[in-house]
Amino acid sequence: MRFRAKIVDLACLNHFSRVVNTVARLAKTCTLRLTVDKLYFILSDKVANGGVSVWCELCQGNFFDEFQMEGVAAEHNEIYLELVPENLSRALKTAQNAKTVKIKLTNKHCPCLTVAVELPSLSSTSRIVTHDIPVGVIPRRLWSDFREPSVPDFDVSIYLPVLKTMRSVVERMKNLSNCIVIEANLSGEMNLKIETDLVSVTTHFKDLGNPPWVSDDESPSSAQGKDLESMAEARIDIKKLLQLLAGQQVNPTKALCNIVSRRIVHFILLHEDVSLQYFIPALA
């Protein structure tokens, strides 16, 4: 099992650093899955037990100048590592104006991701700062626990408003309640609501647009027979929503949300070379 990669381009390095930082804000520990052409950061708290799930996917070719890996076996050419993303995020923070960053799977008393940062220096010799991040190697028999979560059969899918705007609304609401109701319909309308014994607050968003989903068995999301005005809603933990909005450093080109009434809210944030999915289960 071998893995080594190198980033030379500063813009790619900063972008990768932002992705890791976003993941670190969403998950205390996560699984890093390495394949020949992609990296995945996965958090699969069992949604059934009230935990959130995260699935973040990156094309390695858009970030790394060199990328070599040999998986567990020829027919299973993948590596699954458990790590604390905050540790990786911290290591990358020291690399903000680095000449190169090399990441390698090593064994130093325990398996580590070793991040070697070459910093520019005034003399002819360069300074290298090395971080050893302990990781756990996940055995092959457990890999099936980390499959991509299936997109639930949702009632409504809608584009999100500007995330900064949404964040400031939710931040203000957080002082009033621990949970928030997200509701949306197929006419591009979405409401964020808080209802307590003392106060009820609703923020309305209009003209957001609904994504045209195509599933295998129908024409582009046939909204036929569906009431475009009727709202699908789910009540979720406001802190978990804020975690997603506040941790966002990837500036997605598209952000959307799928609601399965009273069951789950599924967020998808898309950037040219990164996609992040975030699942928040509904509260009873």
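Residues numbered from 1 in each chain as written. Predicted model: local features only at pLDDT ≥ 70, side-chain atom pairs only at ≥ 80, totals over all residues. Heavy atoms only, no water.

Asker: Describe the packing of aromatic side chains, with residues and values.
Answerer: Taken as a whole and assessed by the stated rule, the structure comprises seven aromatic pairs. Here the aromatic rings of Phe16 and Phe64 are separated by 5.3 Å at their centres, their planes lie at 65 degrees, and the arrangement is edge-to-face. One end of the pair, Phe16, is in helix α1 (residues 10-26); the other, Phe64, is in the loop between β4 (53-59) and β5 (66-70), and 48 residues separate them in sequence. Of the residues examined, Phe16 reaches a relative accessible area of 2% and is grouped as buried. Considering the side-chain rings of Tyr80 and Trp143, the 4.4 Å spacing of their centres and the 25 degrees angle between planes classify their relative orientation as stacked. (Phe/Tyr/Trp six-rings, centres within 6.5 Å; stacked < 30°, edge-to-face > 60°. Helix = DSSP H or I, 4+ residues; strand = E, 2+ residues; numbered from the N terminus. Buried < 20%, exposed > 50% of the residue type's maximum accessible area, 1.4 Å probe, protein only.)

Asker: Can you lay out the domain arrangement of the chain for me, pointing to particular residues and giving the numbers?
Answerer: Note on interface size: it is often stated as the accessible area lost on association of the parts. Annotation of the chain at the domain level lists domain 1 (2-145) and domain 2 (156-214 + 228-281). One C-alpha centre belongs to domain 1, the other to domain 2; they are set 29 Å apart. Our count for the domain 1 to domain 2 interface comes out at zero salt bridges. At the boundary of domain 1 and domain 2, one finds six residue pairs in polar contact (both at pLDDT 80 or more). Residue assignment for the side of domain 1 that touches domain 2 shows that the elements contributing at least two residues are α1 and β4. (Domains from an automatic or database assignment. Salt bridge = Lys/Arg side-chain N within 4 Å of Asp/Glu carboxyl O. Polar contact = N/O pair within 3.5 Å; in protein donor to acceptor, adjacent residues only side chain to side chain.)

Asker: Mind laying out the nonpolar core, listing which residues take part and the relevant values?
Answerer: Core analysis: the biggest nonpolar cluster contains 77 residues, and Phe3, Phe16, Leu113, Leu192, Leu241 and Phe267 have the highest contact counts within it. For this core, the two domains that each supply at least three residues are domain 1 (2-145) and domain 2 (156-214 + 228-281). Counting seven residues, the second-largest nonpolar core is a separate cluster that includes Tyr40, Ile42, Trp55 and Tyr80. (Core = buried A, V, L, I, M, F, W, Y, C linked by side-chain atoms within 4.5 Å.)

Asker: Requested: an account of the sheet that holds strand β13 (residues 190-195), with residues and values cited.
Answerer: Reading across the sheet, the four strands line up as β14-β13-β12-β15 and stay open at both edges, with antiparallel pairing between neighbours. On the outer flanks of this sheet lie β14 (200-205) and β15 (232-237), each paired with one strand and no other. Each neighbouring strand pair of the sheet contributes to a mean axis angle of 20 degrees, computed without reference to strand direction. Two strands pair when backbone bridges link them, and strand β12 (residues 179-184) and β13 are joined in this way by four bridges, in the antiparallel orientation. (Pairing = 2+ DSSP bridges. Axes fitted to C-alpha atoms, helices over the stretch in contact; angles between N-to-C directions.)

Asker: Outline a nonpolar patch on the surface, supporting the account with residue identities and numerical values.
Answerer: Taken together, Met1, Val72 and Val137 make up a surface patch of nonpolar side chains, about 240 Å² in accessible area. Inspection of the secondary structure puts Met1 in the segment before β1 (2-7). (Patch = residues over 30% accessible without salt bridge, like charges linked within 9 Å, V, L, I, M, F, W, Y side chains within 5 Å. Areas by Shrake-Rupley, 256 points an atom, 1.4 Å probe, with all protein chains shown as cover.)

Asker: Pulling in residues and values, what's your account of the sheet that holds strand β17 (residues 264-271)?
Answerer: In space, the nine strands of this open sheet follow the order β10-β6-β2-β3-β4-β18-β17-β16-β11, with antiparallel pairing throughout. Each edge of the open sheet is held by one strand with a lone partner, namely β10 (136-137) and β11 (156-159). Two strands pair when backbone bridges link them, and β17 and strand β18 (residues 274-281) are joined in this way by eight bridges, in the antiparallel orientation. Within β18, the residue paired with Phe267 across the bridge is Tyr278.

Asker: Pulling in residues and values, what's your account of the pairing of strand β8 (residues 110-119)?
Answerer: Judged by how many residues are buried, β8 sits mostly within the fold: seven of ten residues are covered. The pairing of strand β7 (residues 100-108) with β8 spans nine bridges and is classified as antiparallel. Its bridge partner being in β8, Leu105 is matched across the sheet by Leu113. The hairpin formed by β7 and β8 contains one residue between the paired strands, and His109 there has a positive phi angle of roughly 65 degrees. Alignment of β8 against strand β9 (residues 127-134), held across eight bridges, turns out to be antiparallel. Looking at the pairing, Val115 lines up with His131 of β9.

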